[in-house]
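# Observations on chain architecture
Chain residues, written in single-letter form:
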Amino acid sequence: MKANIPDAPVARRGFILILSSPSGAGKSTLTRLLSQNQELDLRLSVSATTRPKRPSEIDQVHYSFMDRQEFEALRDRDGFLEWAEVHGNLYGTPRAPVEKTLASGHDMVFDIDWQGTLQVVEKMKDDVVTVFILPPSMTELRNRLVRRAEDSPQVIDARLAAARDEIARWENYDYVLVNEDLDQSYNALLAIIAAERLKRRRQPALAQLVEALMQGPLPTA
């Protein structure tokens, strides 16, 4: 799967590409494929969390590990684009590194749920492109969860029940992909990235080029 993504002809501000889906629909796999494509040069968001670090995890790579007091202090200063409490632990996306990355002209990819997406869009609407990944059917979604072999039958049933609520949020997204074929879905994401990078509002320096084209002397034969 080779990318064919044109670079913008002039300097531009980066944007945030958010992928959301119910568990098993494919957003994590697609996020991994995008992040591994060196031609795209996408930056991954590193979330902060208060949960303990696992032995295999690296601080500032898998997560930014914080104690609860540090997390809550940053949250109270509006230092997160989105945050949530899950199973007694806090998770969030620190705002400062995202702002720095976008200002440098690099795009970022986020793998977050619909609730986190709403928070990020509320704070940075002009910088966000949202994509919702749908499964082709609930039967296929169950099959993928079973093939993943990570959850008990009870957990799979719970994930499927939660999927209906998540799928109901599809209309809040800019783009919706039905992930029946992974290659097709990946190529669709490449097309989305290409189009978003070339949008007029993402290329502020274009105005200077247009002015030069309009006001400069016409060439003669």
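Everything numeric here is computed off the predicted structure, so don't read it as measured data.

Looking now at helix α1 (residues 27–36). Those residues of α1 lying buried are Lys27, Leu30, Thr31, Leu33 and Leu34. Seen from one end, α1 has its buried residues packed into an arc of 165°, which puts them on one side. Taken together, the buried residues of α1 touch β1 (16–20), β2 (43–44), β7 (108–111), β8 (128–134) and α7 (182–197).

The biggest cluster of nonpolar side chains holds 24 residues, and the ones touching the most others in it are Leu17, Leu19, Leu34, Val131, Leu189 and Ile193. It is α7 that provides the largest number of residues to this core, a total of five residues. Residue contacts for Leu17: discarding those within four places in its chain leaves Leu34, Met108, Val109, Phe110, Val129, Val131 and Ile193. By size, the runner-up hydrophobic cluster in this structure holds eleven residues, among which are Ile16, Val98, Val120 and Val128.

As a further point, take the UniProt feature "domain: Guanylate kinase-like" (unreviewed entry) in the protein. According to UniProt, the positions carrying the feature "domain: Guanylate kinase-like" (unreviewed entry) are residues 14–194. Helix and strand shares over residues 14–194 are 43% and 22% respectively, and the end C-alpha atoms of the span are 12 Å apart.

The subject of this paragraph is the sheet that holds strand β6 (residues 89–94). The four strands lie next to each other as β4-β3-β6-β5, forming an open sheet whose pairing is mixed. The open sheet is flanked by β4 (64–65) and β5 (80–86), the only strands paired with a single partner. The pairing of strand β3 (residues 48–49) with β6 spans two bridges and is antiparallel. Each residue of the ladder has a partner; that of Ala48, found in β6, is Gly92. Contacts from helix α2 (residues 68–76) reach β3, β5 and β6, with the element oriented near 140° to β5.

All right, on to the layout of surface pockets then. When its volume is computed, the largest pocket comes out at roughly 2,000 Å³. Around the largest pocket, the lining comprises 50 residues; the ones closest to its centre are Lys27, Ser28, Tyr63, Asp111 and Ile112. For the lining of the largest pocket, the secondary structure elements donating two or more residues are α1, β5, β6, β7, α4 (114–124), α5 (138–148) and α6 (153–167). Each residue belonging to the lining of the largest pocket can be placed in one class, and the counts come to 18 nonpolar, 18 polar and 14 charged.

Cut-offs used in this document
One numbering rule holds for all chains: residues counted from 1, following each sequence as written. Residues qualify for local features only when their pLDDT is at least 70, as the model is predicted, and side-chain atom pairs are given and counted only at 80 or more; totals for whole chains, interfaces and linings, by contrast, use all residues. Processing note: side-chain calculations cover all non-hydrogen atoms of the structure and skip hydrogens and water entirely. Buried residues are those whose accessible area, probed at 1.4 Å on protein chains only, stays under 20% of the maximum for their type, while exposed residues exceed 50% and partly exposed ones sit between those limits. Every helix listed is a DSSP run of H or I at least four residues long, and every strand listed is a run of E at least two residues long, numbered separately from the N terminus. Working note: the arc is built from the helix axis to C-beta atom directions. We call two residues contacting when some pair of their heavy atoms lies within 4.5 Å. Put simply, a nonpolar core is a bunch of buried Ala, Val, Leu, Ile, Met, Phe, Trp, Tyr and Cys residues held in one set by side-chain atoms that sit within 4.5 Å of each other. UniProt positions are given in the numbering used here, feature names are shortened, and annotations may be inferred rather than shown by experiment. The rule for pairing is simple: two strands pair if DSSP sees at least two bridges between them. Note on geometry: axes are lines fitted to C-alpha atoms, helical ones only across the stretch in contact, with angles between N-to-C directions running from 0 to 180 degrees. Cavities and pockets were defined on a 1 Å grid built over protein atoms only: a cavity is a set of grid points that admits a 1.4 Å probe from which the probe cannot escape, a pocket is an open set flanked by protein on both sides within 12 Å along at least five of seven lines, and lining residues are those with an atom within 4 Å of any such point. Grid points are joined across faces, edges and corners, and a volume is the space filled by probe spheres set on the points. Three residue categories are used. Nonpolar comprises Ala, Val, Leu, Ile, Met, Phe, Trp, Tyr, Cys and Pro, charged comprises Asp, Glu, Lys and Arg, and polar comprises the others, including Gly.

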